[in-house]
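Residue-level listing of the chains:
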Amino acid sequence: MPINRDQVLFFTGPAEDEVLINCTRVQGLDATDAEDLTSAEQEGRKQVLMIAEFLQRDVPGFERASISAVAPQIGIRESRRIIGHYALTQADVVAGRKFDDVIARSGYPIDIHDPSGQGVVAAFIEGDGAYDIPYRCLISSNIRNLLAAGRCISTTHEAHATTRLTPSCMATGEAAGTAAALTVKMKLDPVKLPIELLQAKLRHNGAAI
Ligand SMILES: Cc1cc2nc3c(=O)[nH]c(=O)nc-3n(C[C@H](O)[C@H](O)[C@H](O)COP(=O)(O)OP(=O)(O)OC[C@H]3O[C@@H](n4cnc5c(N)ncnc54)[C@H](O)[C@@H]3O)c2cc1C
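Because the structure is a prediction, the values reported are computed rather than measured. Per chain, residues are indexed from 1 in the order of the written sequence. Predicted model: local features are reported for residues with pLDDT of at least 70 only, side-chain atom pairs are reported and counted for 80 or more only, and whole-chain, interface and lining totals are derived from all residues. For side-chain calculations, the full set of non-hydrogen atoms in the structure is used, while hydrogens and water are omitted.

> How should the environment of I112 be read in this particular structure?
Strands here mean DSSP runs of E at least two residues long; helices mean DSSP runs of H or I at least four residues long; both are numbered from the N terminus. Looking at the secondary structure, you find I112 in strand β4 (residues 110-113). Exposure remark for I112: the relative accessible area of 13% places this residue in the buried category. Between the C-alpha atoms of I112 and Y86, which are 26 residues apart in sequence, the distance is 21 Å. Buried, partly exposed and exposed residues are distinguished by accessible area as a fraction of the type maximum, computed with a 1.4 Å probe on protein chains only: under 20%, between the cut-offs, and over 50%, respectively.

So this is what it looks like as structure tokens:
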């Protein structure tokens, strides 16, 4: 198959005869460019049809299979991030580093889907198996009053390969939202927000930090 990928991921779906297939890979395009995004949509959909044809033709059990759904939009693994007061690094993640201004934790290893090659590069977390995400990664260093969450927080390319995971995006989203609410209420710059206050509010709401 002319798809630059060395792994085939299958997930069972809610229905007995349903399987979710994560096999496409579109590379080398700029997710911030409209023309490139259009090309990515076209290439992704072409790959879906190619994979379906291959399964029906060559894989026993799929002879009568059909496509029931395709993602409405191509998924983007990495594009723009803010430059924050701190950029989380691979060394921080791998060491399971702890920070005084922790606002979220993650135990997911570094998982880089090679932007040009076929494979996936992994690096596991030492120590207690979890690293901290500091509040400083959420605060823009050059735009006042801007907080980021999810994929856009301040990290290196390598650290991004773990902070981009859905649970960490939810946790940084909750932290950024809570920080924004507190700073508005207290009429403070996000940089000046007392970290103990933010951490207490997050813990009160169930954050395991
Ligand atoms: C192919 C693929 C597979 C993945 N697999 C996994 C996995 O198995 N497990 C896992 O944990 N993570 C996985 N991820 C990573 C994870 O899904 C994403 O990194 C994460 O969902 C990003 O969350 P986010 O909130 O930063 O961004 P998003 O979920 O993209 O949310 C951004 C939102 O902003 C909206 N938006 C954009 N522009 C505007 C605008 N101008 N105005 C208003 N709204 C706007 C968008 O519509 C979107 O709803 C995968 C990612 C990809 C691409």
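> It is not clear to me how the environment of N205 should be interpreted in this structure. Could you clarify?
If you trace the backbone, N205 turns up in the segment after α5 (195-204). Residue class for N205 comes out partly exposed when judged on its relative accessible area of 44%. Through-space distance from the C-alpha of N205 to that of L49 is 44 Å; in sequence the pair is 156 residues apart.

> What am I meant to see in unusual backbone geometry here?
Peptide bonds are, in most cases, trans, and in most cases residues other than glycine have a negative phi. Here the phi dihedral of N145 falls at roughly 65°; this positive angle occurs in a residue that is not glycine. Residues other than glycine seldom take positive phi values, yet K187 does so here, at roughly 55°. Relative to the helices and strands, K187 resides in the loop between α4 (166-186) and α5. Exposure remark for K187: the relative accessible area of 76% places this residue in the exposed category.

> What is the right way to look at the packing of aromatic side chains in this model?
Two aromatic rings are characterised by how far apart their centres lie and by the angle between their planes. Paired rings are identified among Phe, Tyr and Trp, the last through its six-membered ring, by centres lying within 6.5 Å, and are further divided according to the angle between planes into stacked (under 30 degrees), edge-to-face (over 60) and tilted (the rest). According to the stated counting rule, one finds 2 aromatic pairs in the structure shown. Both rings, one in F10 and one in F62, keep their centres 6.0 Å apart while their planes meet at 70°; by these two values the pair is edge-to-face. Of this pair, F10 sits in strand β1 (residues 9-12) while F62 sits in the loop between α1 (34-58) and α2 (90-95); the two residues are 52 residues apart in sequence, bridging distant segments of the chain. F10 gets classed as partly exposed once you look at its relative accessible area, which sits at 39%.

> Explain the packing of α4 against α5 to me, please; I cannot follow it from the model alone.
Each pair of packed helices gets described by two things: the angle between the helix axes and the distance between those axes. Where α4 meets α5, the axes come as close as 10 Å, and the angle between the chain directions of the two elements is 125°. Taken together, the axes of α4 and α5 lie oblique to each other. Considering only the axes of α4 and α5, their crossing is right-handed. Two secondary-structure elements touch here, α4 through E174, A175, T178, A179, L182 and M186 and α5 through L197, L198, K201 and L202. Note on residue categories: nonpolar means Ala, Val, Leu, Ile, Met, Phe, Trp, Tyr, Cys or Pro, charged means Asp, Glu, Lys or Arg, and polar means any other residue, Gly included. Residue composition of the contact of α4 with α5, by class: 7 nonpolar, 1 polar and 2 charged. For helices, the fitted axis covers only the stretch in contact; all axes are lines through C-alpha atoms, and the angles between them, taken along N-to-C directions, range from 0 to 180 degrees. Orientation labels follow simple angle bins: below 35 degrees gives roughly parallel, above 145 gives roughly antiparallel, 65 to 115 gives roughly perpendicular, and whatever is left gives oblique. Two helices crossing with the near one rotated counterclockwise from the far one by less than a right angle form a left-handed crossing, whereas a clockwise rotation gives a right-handed crossing. Residue contacts follow a heavy-atom distance rule, with two residues in contact if any of their heavy atoms lie within 4.5 Å.

> Would you mind going over the pairing of β1 with me for this structure?
Along any regular strand, the residues point their side chains to alternate faces of the sheet. When DSSP finds two or more bridges between a pair of strands, those strands are recorded as paired. As paired strands, β1 and strand β2 (residues 19-22) are joined by 4 bridges and run antiparallel to one another. The partner of T12 across the bridge, within β2, is V19. Counted along the chain from β1 to the antiparallel partner β2, the turn is 6 residues long.

> Can you walk me through the site of the ligand in this structure?
Each residue is tested against the molecule or strand, and it is near if at least one of its non-hydrogen atoms lies within 4 Å. Close to the ligand lie G75, I76, R77, G150, R151, R164, L165, T166, P167 and C169, which account for all nearby residues. N or O atoms closer than or at 3.5 Å make up a polar contact, with two conditions inside protein: a donor-capable atom paired with an acceptor-capable one, and, for residues adjacent in sequence, both atoms drawn from side chains. In the environment of the ligand, an oxygen atom lies 2.8 Å from a nitrogen or oxygen atom belonging to the backbone of T166. Each residue belonging to the shell around the ligand can be placed in one class, and the counts come to 4 nonpolar, 3 polar and 3 charged.

> In this structure, what is going on with α4? I would like to understand it.
Because an α-helix packs 3.6 residues into every turn, residues spaced three or four apart end up facing the same way. With 21 residues, α4 extends 30 Å between its outermost C-alpha atoms, agreeing within 8% with the 30 Å of an ideal straight helix rising 1.5 Å per residue. Taken together, the buried positions of α4 are S168, T172, A175, A176, T178, A179, L182 and T183. Seen from one end, α4 has its buried residues packed into an arc of 165°, which puts them on one side. Residues of α4 that are exposed and point over 90 degrees away from its buried face: T166, P167, M170, V184 and K185. Next to the buried residues of α4 lie β3 (102-106), β6 (131-134), α3 (157-163) and α5. Take the number of residues in a helix, subtract one, and multiply by 1.5 Å to get its expected span. Note that the arc is computed from the directions linking the helix axis to the C-beta atoms.

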